[in-house]
Amino acid sequence: IYAVSEGKPAVPGVDDGIVSVASATRPQAVDEADTVSEIRACYHGTLLKKKEPIMKVIEFLLAYDKAWRKSATAPPPATP
């Protein structure tokens, strides 16, 4: 989850006031991520104070927990 402010960029390019979008979405990070979510009209310092990003984190954690529980209860693979 990364933020994009609507104000004048503090760093070159589009940013959240601290981190540039180019840095937040660098290819290695995107490749390693399960999902990538952009929150608009939000500054770095308020990212976890707004409802939308908090809900995205909760949704991610619930999905991760569901997948983990499913894999933990799955029977072991058959041996040849």
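See the structure printed just above.
Residues numbered from 1 in each chain as written. Predicted model: local features only at pLDDT ≥ 70, side-chain atom pairs only at ≥ 80, totals over all residues. Heavy atoms only, no water.

**Q** Teacher, can you tell me more about the overall build of the chain here?
**A** Each helix and strand in the chain was counted, giving three helices and two strands. Taken from the N to the C terminus, the helices and strands of the chain come in the order β-α-α-β-α. When each of the 80 residues of the chain is scored for burial, the buried share is 16%. For the chain, long-range pairs separated by at least 24 residues make up 47% of all intrachain contacts whose partners lie at least 6 apart in sequence. (Helix = DSSP H or I, 4+ residues; strand = E, 2+ residues; numbered from the N terminus. Buried < 20%, exposed > 50% of the residue type's maximum accessible area, 1.4 Å probe, protein only. Contact = heavy atoms within 4.5 Å.)

**Q** Sorry if this is basic, but what is going on with the layout of surface pockets here?
**A** To locate leftover empty space, one rolls a probe as large as a water molecule over the atoms. For the largest pocket, the calculated volume is near 190 Å³. As for the largest pocket, its lining consists of Ile-1, Ala-33, Asp-34, Thr-35, Val-36, Ser-37, Lys-56, Val-57, Glu-59 and Phe-60. Of the residues belonging to the lining of the largest pocket, the class tally is five nonpolar, two polar and three charged. (1 Å grid on protein atoms, 1.4 Å probe; cavity = no way out; pocket = protein on both sides within 12 Å on 5 of 7 lines; lining within 4 Å. Points joined across faces, edges and corners; volume = space filled by probe spheres on them. Nonpolar A, V, L, I, M, F, W, Y, C, P; charged D, E, K, R; others polar.)

**Q** Sorry, what's going on with the pattern of salt bridges here?
**A** Close approach of charged atoms allows side chains of opposite charge to pair. Summed over all chains, the structure comprises two salt bridges. Residues Asp-65 and Arg-69 are paired through a salt bridge, measuring 2.7 Å at the closest nitrogen-oxygen approach. Taken together, the positions of Asp-65 and Arg-69, both in helix H3 (residues 51-73) and four residues apart, correspond to about one turn of that helix. (Salt bridge = Lys/Arg side-chain N within 4 Å of Asp/Glu carboxyl O.)

**Q** Could you clarify how one ought to interpret the environment of Lys-50 in this entry?
**A** Along the polypeptide, Lys-50 turns up in the loop between strand S2 (38-40) and H3. A C-alpha to C-alpha distance of 9.7 Å links Lys-50 and Ile-39, two positions 11 residues apart in sequence. Other than its neighbours up to four places away in sequence, Lys-50 contacts Ala-41 and Cys-42.

**Q** Looking at this model, I keep getting lost on unusual backbone geometry. Mind explaining?
**A** In most cases, non-glycine residues show a negative phi, while peptide bonds are predominantly trans. Positive phi, close to 60°, is recorded for Ala-41, a residue that is not glycine. Along the chain, the position of Ala-41 falls in the loop between S2 and H3. The class of Ala-41 is partly exposed, set by a relative accessible area of 33%.

**Q** Any chance you could explain the side chain of Ser-37 here in plain terms?
**A** Structurally, Ser-37 can be placed in the loop between helix H2 (27-32) and S2. For Ser-37, the residues in contact, after removing those within four places along its chain, are Ile-1, Tyr-2 and Lys-56.

**Q** I would appreciate a short explanation of a nonpolar patch on the surface in the present structure.
**A** A surface patch of nonpolar side chains, amounting to about 1100 Å² of accessible area, comprises Ile-1, Leu-48, Ile-54, Met-55, Val-57, Ile-58, Phe-60, Leu-61, Leu-62, Tyr-64 and Trp-68. Judged by its relative accessible area of 36%, Met-55 falls in the partly exposed class. (Patch = residues over 30% accessible without salt bridge, like charges linked within 9 Å, V, L, I, M, F, W, Y side chains within 5 Å. Areas by Shrake-Rupley, 256 points an atom, 1.4 Å probe, with all protein chains shown as cover.)

Without other data, these values stay purely geometric and don't point to any function.
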